[in-house]
Amino acid sequence: MMLAFTFPGQGSQRPGMGRPWQEHESWELVDEASEVAGRDVGALLCDADADELKDTRNAQLTTFVSSLMVLDAVQRIGIDASFCAGHSLGEYTALTATGALGFDDGVRLVSARAAAMHDAGLARPGTMAAVLGLDDDQVGVACNLADADVWVANYNAPGQVVIAGSPEGVDAASAHAKELGAKRVMGLPVSGAFHTPFMTAARDRLRDAIAAAEPRDTDIPVVSNVDAAPHDRGSEWSSLLSAQLSSPVRWKHSLLALADAGVSDFAELGPGGVLTGMAKRTVDGCRTISVATPDDLDKLLDWVDAGSATPALPELDGEHLFAAERLVVSPAAGIFTPIADMGEGTSIDVGSIIGHVGDNEVRSPFAGVLQSFIAVDTERVTMRQPIAWLRTH
């Protein structure tokens, strides 16, 4: 059993999606995001109505923060994944989840991306539509027959493709798609033709900001929307993220690539459950779950436990942690120093100090037996980076 975390994109946001999390420890990420973005993210998550959340600048920021809040809660119960992937905006979430981007950098980049896409949509108005029940190639034919500014924007799942471009082009391609046998064509409530040449101005505007974030190498690969291949080298992401804005999202191909890599289980972290449905349609025999609220965490533990064939300990490299394992994560960014006399097999109590990150104590929120330190002595770690692996009593 190998697990992938997937993160949703714009359109998954829901009014009030933050309310169930207000009393949860992971809500602290919302306050941090508000400080970095200079906006009240908590108010958007709890009080904004559907119309306010449709604004690209609000939709992307709230979905990004909400998904990372869910991830933080999932990691607090000791579950991690072998791969990550995100749909469009969700790719930024996946990169932040794996540490390729720091949390602050992720918030700043998502805010800049949303503003650039919003402005590009105003400068060159466009729209999008979902084509259902037609093969990928035939959807491409429909766009060609339109003889206008319209392209395939998302390959989401078998029989589910999104087209985008000028309103006239999308209307023409939609008509041709129906003639070619599409079961249904639905307009999408968006403010631009995302993932098409209409976003070239946004791509150019964001390129320097992406490069300045200096994405880092990661232990957990992220499958890219652009080429549907796993990447763990930070140097590759500047060009991939830049190209993503005006290239189609190859989500179906990404899911198949994950399956080819051995992934059988897909956990969607964040609002909605759209990606869960796409995984079911694309990967035969896969197991899926959507985690959006604190109530879903117990369901996730049961789901993970049910998927483990044996109670044996997993390998740290390439396997997620099962329900009997817990991760202790860093409380801050800085240099990690473990307690000198702690090693494999040490019994840990709730609140035990296992090391320091700078001047901050690293205390275990769990009781258990220390299996190993994940961070090494004098390693520079980021906030919430896994520090140690415990097996619970």
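Note that the coordinates shown come from a computational prediction; the quantities given were computed from them, not determined experimentally. (Residues numbered from 1 in each chain as written. Predicted model: local features only at pLDDT ≥ 70, side-chain atom pairs only at ≥ 80, totals over all residues. Heavy atoms only, no water.)

Colleague: Please explain the sheet that holds strand E9 (residues 265-269) as it appears in this structure.
Modeller: Two modes of strand pairing occur in sheets, parallel and antiparallel, and in both the strands are linked by backbone hydrogen bonds. Overall, mixed pairing links the six strands, which are arranged E8-E7-E2-E1-E9-E10 in an open sheet. Of all the strands in the sheet, the pair left with one neighbour each is strand E8 (230-231) and strand E10 (287-291). Bridge count between strand E1 (residues 3-7) and strand E2 (residues 83-86): four bridges; the pairing is parallel. Considered in E2, the bridge of Phe7 is made with Gly86. (Pairing = 2+ DSSP bridges. Helix = DSSP H or I, 4+ residues; strand = E, 2+ residues; numbered from the N terminus.)

Colleague: Would you mind going over the sheet that holds strand E14 (residues 353-357) with me for this structure?
Modeller: In spatial order, the strands read E15-E14-E12-E17; together these four strands make up an open sheet with antiparallel pairing. A single partner strand is all that each edge strand has here, and the edge strands are strand E15 (360-363) and strand E17 (380-381). Here E14 runs beside E15; their pairing, made up of four bridges, is antiparallel. Looking across to E15, one finds that His356 is bridged to Glu361.

Colleague: Help me out: how do you make sense of empty space enclosed by the protein in this one?
Modeller: Remark: the empty space left among the atoms is shown by a probe the size of a water molecule rolled over them. All told, the structure shown has one cavity of 30 Å³ or more when counted by the stated rule. Along the walls of the largest cavity sit Thr6, Trp251, Leu255, Phe266, Glu268, Leu275, Thr276 and Ala279, which together make up its complete lining. Breaking the lining of the largest cavity down by element, the ones donating at least two residues are helix H11 (251-260), E9 and helix H12 (274-282). For the lining of the largest cavity, the element with the most residues is H12, which contributes three residues. Residue composition of the lining of the largest cavity, grouped by class: five nonpolar, two polar and one charged. (1 Å grid on protein atoms, 1.4 Å probe; cavity = no way out; pocket = protein on both sides within 12 Å on 5 of 7 lines; lining within 4 Å. Points joined across faces, edges and corners; volume = space filled by probe spheres on them. Nonpolar A, V, L, I, M, F, W, Y, C, P; charged D, E, K, R; others polar.)

Colleague: Even after reading the chapter, I still don't get helix H5 (residues 90-98), so can you show me in this structure?
Modeller: Most of H5 is tucked away, with nine of its nine residues classed as buried. Taken together, the buried positions of H5 are Gly90, Glu91, Tyr92, Thr93, Ala94, Leu95, Thr96, Ala97 and Thr98. Gly99 lies just past H5 and shows a positive phi near 90°. (Buried < 20%, exposed > 50% of the residue type's maximum accessible area, 1.4 Å probe, protein only.)

Colleague: I'm lost on the UniProt feature "domain: Malonyl-CoA:ACP transacylase (MAT)" (unreviewed entry) in the protein chain in this one. Help?
Modeller: Taking the numbering used here, the UniProt-annotated feature "domain: Malonyl-CoA:ACP transacylase (MAT)" (unreviewed entry) corresponds to residues 6-296. This span, residues 6-296, is 48% helix and 15% strand, and a straight line between its end C-alpha atoms measures 15 Å. (UniProt positions renumbered as here; feature names shortened; annotations may be inferred.)

Colleague: Would you mind going over the domain arrangement of the protein chain with me for this structure?
Modeller: When the parts come together, some accessible area is lost, and that loss is often what is quoted as the size of the interface. Its domain assignment divides the protein chain into domain 1 (3-121 + 197-308), domain 2 (126-188) and domain 3 (324-392). Between the C-alpha centres of domain 1 and domain 3 there is a distance of 26 Å. In this complex, domain 1 contributes ten residues to the contact, which on the side of domain 3 involves eight residues. Each partner contributes to the roughly 720 Å² buried at the junction of domain 1 and domain 3, and carbon and sulfur atoms together form 47% of this total. (Domains from an automatic or database assignment. Contact = heavy atoms within 4.5 Å. Buried area = accessible area lost by both parts, 1.4 Å probe.)

Colleague: Sorry, what's going on with a negative patch on the surface here?
Modeller: Together, Asp31, Asp40, Asp47, Asp49 and Glu52 give the surface a local cluster of negative charge. Mapped onto the elements of the fold, Asp49 is located in the loop between helix H2 (41-47) and helix H3 (50-54). Owing to a relative accessible area of 45%, Asp49 belongs among the partly exposed residues under this scheme. (Patch = residues over 30% accessible without salt bridge, like charges linked within 9 Å, V, L, I, M, F, W, Y side chains within 5 Å. Areas by Shrake-Rupley, 256 points an atom, 1.4 Å probe, with all protein chains shown as cover. Salt bridge = Lys/Arg side-chain N within 4 Å of Asp/Glu carboxyl O. Lys, Arg positive; Asp, Glu negative; His and termini not counted. Charge placed at Lys NZ, Arg CZ, Asp CG, Glu CD.)

Colleague: Sorry, what's going on with the nonpolar core here?
Modeller: The nonpolar side chains of soluble globular proteins are, as a tendency, buried together. Within the largest apolar cluster, 67 residues are counted, with the highest numbers of intra-cluster contacts made by Phe5, Val74, Ile79, Tyr92 and Leu269. By residue number, the principal contributor to this core is helix H4 (residues 56-76), which donates nine residues. Not counting residues within four places of it along the chain, the set of residues in contact with Leu269 comprises Phe5, Thr6, Phe7, Pro8, Ser67, Val70, Leu71, Val74 and Val291. (Core = buried A, V, L, I, M, F, W, Y, C linked by side-chain atoms within 4.5 Å.)

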